[in-house]
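# Report on the structure
Chain residues, written in single-letter form:
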Amino acid sequence: MIQRKQTLFLFIALVLTFVCLSFPLATFVGDDLHMDTLVTNLCERLGRGIPNFKTAPLFVLLLLTLPLNLWAILAFKTRRFQAKLCLINVILLVLWHIAAIYFLFFSIESRDATLKIHVTAFFPLMSLLLYILARHAILADEKLVRAADRIR
């Protein structure tokens, strides 16, 4: 059934991931007014608006989770496959977090600037938790169906 709670978890994770792709993750604010660097999933924009596509792997990882999430929502009849898709999305989001930590704290050259993290940087973490909850609910449904089959 498509109206299960795990479908709701997957849909909310889909929306959060899409919003995270659309909005900036952080800003490096320097002492100089022209030194601000806006960091998005796709690129970092220096103060003059020049894009540097160093953070593009973040965009690719999040972009891969979107169709897999949609596929997981539509694969409600095959619970094991749906659980596998959730696990793949969890792995992709863990890789996203590792890459985001690397880019935000080690790779970007704005060492003398102050890092201001936007709320959208936490959306993949919320999506990760929602994928874990959805996978747990899917596996619980599978266990329930197997127990009902055993009784017959």
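Scroll up for the structure.
Predicted model, so just to flag it, every value in this text is computed and none were measured. (Residues numbered from 1 in each chain as written. Predicted model: local features only at pLDDT ≥ 70, side-chain atom pairs only at ≥ 80, totals over all residues. Heavy atoms only, no water.)

### Notes on the packing of helix α1 (residues 5–22) against helix α2 (residues 56–74)
The contact between α1 and α2 brings their axes to 10 Å, and the two run at 155°. For the element pair α1 / α2, the angle class is roughly antiparallel. Here the hand of the crossing between α1 and α2 comes out left-handed. Contacts from Thr7, Leu10, Phe11, Ala13, Leu14, Thr17, Phe18, Cys20 and Leu21 of α1 reach α2 at Phe59, Leu62, Leu63, Thr65, Leu66, Asn69, Leu70, Ala72 and Ile73. Taken together, the residues that form the contact of α1 with α2 break down as 14 nonpolar, 4 polar and no charged. (Axes fitted to C-alpha atoms, helices over the stretch in contact; angles between N-to-C directions. Helix = DSSP H or I, 4+ residues; strand = E, 2+ residues; numbered from the N terminus. Parallel < 35°, antiparallel > 145°, perpendicular 65-115°, else oblique. Left-handed = near helix turned anticlockwise from the far one by under 90°. Contact = heavy atoms within 4.5 Å. Nonpolar A, V, L, I, M, F, W, Y, C, P; charged D, E, K, R; others polar.)

### Brief notes about the pairing of strand β1 (residues 26–29)
Bridging between β1 and strand β2 (residues 37–39) involves 3 bridges; their strand directions are antiparallel. Considered in β2, the bridge of Phe28 is made with Thr37. Pairing of β1 with strand β5 (residues 114–117), which is carried by 4 bridges, proceeds in the antiparallel orientation. When the sheet's bridge partners are listed, Ala26 is paired in β5 with Ile117. (Pairing = 2+ DSSP bridges.)

### A word on the layout of surface pockets
If you add up the space inside the largest pocket, you get close to 180 Å³. Considering the residues around the largest pocket, the lining is formed by Leu25, Trp96, His97, Ala100, Ile101, Leu104, Phe105, Ile117, Ala121, Phe122 and Leu125. When residues in the lining of the largest pocket are grouped by element, the largest group, 6 residues, is from helix α3 (residues 79–107). Its residues placed into classes, the lining of the largest pocket shows 10 nonpolar, 1 polar and no charged. (1 Å grid on protein atoms, 1.4 Å probe; cavity = no way out; pocket = protein on both sides within 12 Å on 5 of 7 lines; lining within 4 Å. Points joined across faces, edges and corners; volume = space filled by probe spheres on them.)

### Focus on the sheet that holds β1
Sheet architecture is open: 5 strands sit in the order β4-β3-β2-β1-β5, paired in antiparallel fashion. The open sheet has two edge strands with one neighbour each: β4 (51–52) and β5. Of the strand pairs in this sheet, strand β3 (residues 44–45) and β4 are connected by 2 bridges, and their pairing is antiparallel. By the bridge assignment, Glu44 is partnered in β4 with Asn52.

### Brief notes about the environment of Leu93
Positionally, Leu93 belongs in helix α3. Once the C-alpha coordinates of Leu93 and Leu125 are considered, the two residues, 32 residues apart in sequence, prove to be 7.7 Å apart. Those residues in contact with Leu93 that sit more than four places away from it in its chain are Leu62, Thr65, Pro124, Ser127, Leu128 and Tyr131.

### What about the pattern of salt bridges?
This model, assessed by the stated rule, comprises 4 salt bridges. In this structure, Arg146 and Glu142 form a salt bridge, with 3.2 Å as the shortest nitrogen-oxygen distance. Here Glu142 and Arg146 lie together in helix α4 (residues 123–151), a separation of 4 residues that amounts to about one turn. Residue Arg146 is classed as partly exposed on the basis of its relative accessible area of 41%. Connected through shared salt-bridge partners, Arg79, Arg80, Glu142 and Arg146 make up one network. (Salt bridge = Lys/Arg side-chain N within 4 Å of Asp/Glu carboxyl O. Buried < 20%, exposed > 50% of the residue type's maximum accessible area, 1.4 Å probe, protein only.)

Fair warning: the whole summary comes from geometry, so function is off the table for now.
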